[in-house]
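Structural characterization, general
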Amino acid sequence: MADDNLNALAAFMVVAKEQNFTRAAKRLGVSQSALSQTVRVLEAQLGIRLLNRTTRRVVPTEAGERLLASVGPQIEDIQRQLMVLSELRDKPAGTIRLTATEYAAESILWPAVSRLVKKYPDIKVEILTDYGLTDIVKDRFDAGVRPGETIAKDMIAVRIAPDMRMTVAGSPDYFSNRHVPITPQELTEHCCINLRLSGHGGLYAWEFEKDGRELNVRVDGQLVFNTGSMILKAALEGRGLAYLPEGQLEPYIASGALVRVLEDWCEPYSGYHLYYPGHRQPTPAFSLLVDELRYSTREKHQS
């Protein structure tokens, strides 16, 4: 019975996270009806409803939220320890969940993940893109990727890329009837393409620094997106100025499709780091990913 309860609690956690029985069943590799029955039996044993079910989604009740908060971390620790035992297997296995910005996922994570899953077919990797400061413990990620200076001090941080800097750029067509900004303050006179931060819903303030002077500018414009690829697309079509990582804009600046401005106000800062909680024992699969990312960094430094 204890084993059944443990499995039922683990199943409940996945349903609560996905807020959907179909997605949760697919993730667990069971039928939707079997998963629904498992949760109903758990509710019956506890004598309390854990999930509110609607036609569109399922959400935890107050009791369900309390169960997630109290038992969830212990269940995850047990699952993680079981995954660590896979080190005794000939083939490392397990699922790695990561969060990163879109550009970091494409330029840093994907090359390493592509090599990893090719070498180890039993390892699964899930990458979710997000520009907010994701709470990887609360949202049950194994690790996240962010610039080093934005990572909390209680996290283990592993550098996986060199220093980087942001870039402001617009198309030649955009500048055909507009002046080129000389200072960040002049951006208020321009049509800028904003980034919406999914974590708290606010707009990202453009950050600048020159000779030790830091300056944040709240820009305005007709367009707001929550992905860098859409910001880039709009800038290439002359719809406004983009503020994106230099590496993302560099090819278009080199080709003349975009014109860089305010370069002297965009100083380098700490590059991407992989971060994760220090109290967790890394699984063999996760350790292999870290090795792949470190190898990628060495390659970039040697090239």
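Residues numbered from 1 in each chain as written. Predicted model: local features only at pLDDT ≥ 70, side-chain atom pairs only at ≥ 80, totals over all residues. Heavy atoms only, no water.

**Overview of the pattern of salt bridges**
It is possible for side chains of opposite charge to pair when their charged atoms get near one another. Heads up, the rule is: Salt bridge, as used here: a side-chain nitrogen of Lys or Arg that lies within 4 Å of a carboxyl oxygen of Asp or Glu. Each residue is placed in one exposure class: buried if its accessible area under a 1.4 Å probe, protein chains only, is under 20% of its type's maximum, exposed if it is over 50%, and partly exposed if it falls in between.
Taken as a whole and judged by the stated rule, the model has 13 salt bridges. The salt bridge involving Asp163 is made with Arg159; its shortest N-O contact spans 3.2 Å. For Arg260, the salt bridge goes to Glu263, with nearest N and O atoms at 3.9 Å. Exposure remark for Arg260: the relative accessible area of 22% places this residue in the partly exposed category. By sharing partners, the salt bridges in this structure join Arg165, Glu246, Arg260 and Glu263 into a single network.

**Side note on the sheet that holds strand β7 (residues 166-170)**
Defined as follows: In this description, strands pair whenever DSSP reports at least two bridges between them. We count a stretch as a helix when DSSP gives it H or I for four or more residues in a row; a strand needs E for two or more, and each element gets its number in order from the N terminus. The convention used is that axes are lines fitted to C-alpha atoms, helices contributing only their stretch in contact, and that angles between N-to-C directions extend from 0 to 180 degrees. Whether two residues are in contact is decided by their heavy atoms, any of which lying within 4.5 Å being enough.
The strand order across the open sheet built from three strands is β12-β7-β13, with neighbouring strands paired in antiparallel fashion. The strands lining the two open edges of the sheet, one partner per strand, are β12 (242-245) and β13 (259-261). Pairwise comparison of adjacent strand axes, ignoring direction, gives a mean angle of 45 degrees for this sheet. Inspection of the sheet shows β7 paired to β12 by four bridges, in the antiparallel sense. Bridge pairing links Ala169 to Ala242 in β12. Across the sheet, helix α8 (residues 246-255) touches β7, β12 and β13, and the angle it forms with β12 is around 115 degrees.

So yeah, pure geometry; function would need other evidence.
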